[in-house]
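Examining the three-dimensional arrangement
Here is what each chain is made of, one letter per residue.
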Amino acid sequence: MKKIALLLFIISSYWLTGCNTVDSDRIPPVNVNLIFTTIGEWELYGVSGAGSYQRFIAPLRQPAGFPYKGLEGTGFGGLLLVADPMGDYQVFDLGCPVCVPEVSRIVLDGDADVAGIFRCNKCGSTYDVFAYGTPRSGPALSDKYGLQRYRITFTGSSPYAIISR
């Protein structure tokens, strides 16, 4: 009886942790440190409401005019800052986890049947940023590769907001 219980435990543990797990940690560990010094900077360059998004790519100086500082880093492919339908802020790496080690940036999928879907034009994978960057189709879904997520912290003072690993 103990052997059967142990076997059932092992099978259920594999099913719960191994079989259905999405790997959201394929992006190389590079510098992620973006600072919004003031609320004014946030209002100008951040996201303002549900469904809005902004891309931050330091080497390309995007968005134009954002005051990047010397030690800031925008991840592997850049940062995608979104406000989900509940108004909560999420931050993802723009790099497609399927296409690593190359940088292939995801873009808003204008043909998607629902909001919040971003697509990699190289491999065709789609991701739902309103569902924590989970894969929706393509190789990302079959390989179970989700978008790399980062932290956003609001301080209420200066600096106003910080995006970090």
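Residues numbered from 1 in each chain as written. Predicted model: local features only at pLDDT ≥ 70, side-chain atom pairs only at ≥ 80, totals over all residues. Heavy atoms only, no water.

On strand S1 (residues 32-36), burial follows the alternation: Val32, Leu34 and Phe36 on one face are buried, whereas Asn33 and Ile35 on the facing-out side are not. Looking at chain direction, S1 and strand S11 (residues 161-164) are connected through four bridges and run antiparallel. The partner of Asn33 across the bridge, within S11, is Ser164. (Buried < 20%, exposed > 50% of the residue type's maximum accessible area, 1.4 Å probe, protein only. Helix = DSSP H or I, 4+ residues; strand = E, 2+ residues; numbered from the N terminus. Pairing = 2+ DSSP bridges.)

This part is about the packing of aromatic side chains. Applying the stated criterion across every chain, the model contains 12 aromatic pairs. The interplanar angle of 85 degrees and the centroid separation of 5.1 Å between the aromatic rings of Trp42 and Phe154 together place this pair among those described as edge-to-face. Of this pair, Trp42 sits in helix H2 (residues 39-45) while Phe154 sits in strand S10 (residues 149-154), and the two are 112 residues apart along the sequence. Here the aromatic rings of Phe66 and Tyr68 are separated by 4.8 Å at their centres, their planes lie at 70 degrees, and the arrangement is edge-to-face. Note on accessibility: Phe66 and Tyr68 belong to one class, buried. (Phe/Tyr/Trp six-rings, centres within 6.5 Å; stacked < 30°, edge-to-face > 60°.)

Overall, the prediction assigns the protein a mean pLDDT of 87, with 88% of residues at 70 or greater. Contacts for the low-pLDDT stretch residues 1-18, under 50 throughout, to residues beyond four places or in other chains number four contacts. (pLDDT = per-residue confidence, 0-100. Contact = heavy atoms within 4.5 Å.)

Among the secondary structure elements, Asp109 is positioned in the loop between strand S6 (106-108) and strand S7 (117-120). Asp109 gets classed as buried once you look at its relative accessible area, which sits at 11%. Setting aside residues up to four positions removed in sequence, Asp109 forms contacts with Ile117, Phe118, Arg119 and Thr126.

So, about the nonpolar core. Counting 21 residues, the largest nonpolar core has Leu34, Phe36, Phe56, Leu79 and Ile163 as the members making the most contacts within it. Listing elements by their share of this core, those giving two or more residues are S1, H2, strand S4 (79-83) and S11. Once residues within four sequence positions are removed from consideration, Ile163 is found in contact with Val32, Asn33, Leu34, Phe36, Leu79, Val91, Tyr150, Arg151 and Ile152. (Core = buried A, V, L, I, M, F, W, Y, C linked by side-chain atoms within 4.5 Å.)

For the rest of this paragraph, the subject is the sheet that holds S7. Within the open sheet, the four strands sit side by side as S6-S7-S8-S9. Their pairing is antiparallel. If you trace the sheet from one side to the other, it starts and ends with S6 and strand S9 (134-137), each paired once. Here the average twist between neighbouring strands, direction ignored, is 40 degrees. Sheet analysis places S6 next to S7, joined by three bridges and oriented antiparallel. (Axes fitted to C-alpha atoms, helices over the stretch in contact; angles between N-to-C directions.)

Paired through their backbone hydrogen bonds, the strands of a sheet run either parallel or antiparallel. Spatial strand order, S2-S4-S5-S10-S11-S1-S3: seven strands in an open sheet with antiparallel pairing. For this open sheet the edge positions go to strand S2 (53-56) and strand S3 (73-74), each flanked by a neighbour on one side alone.

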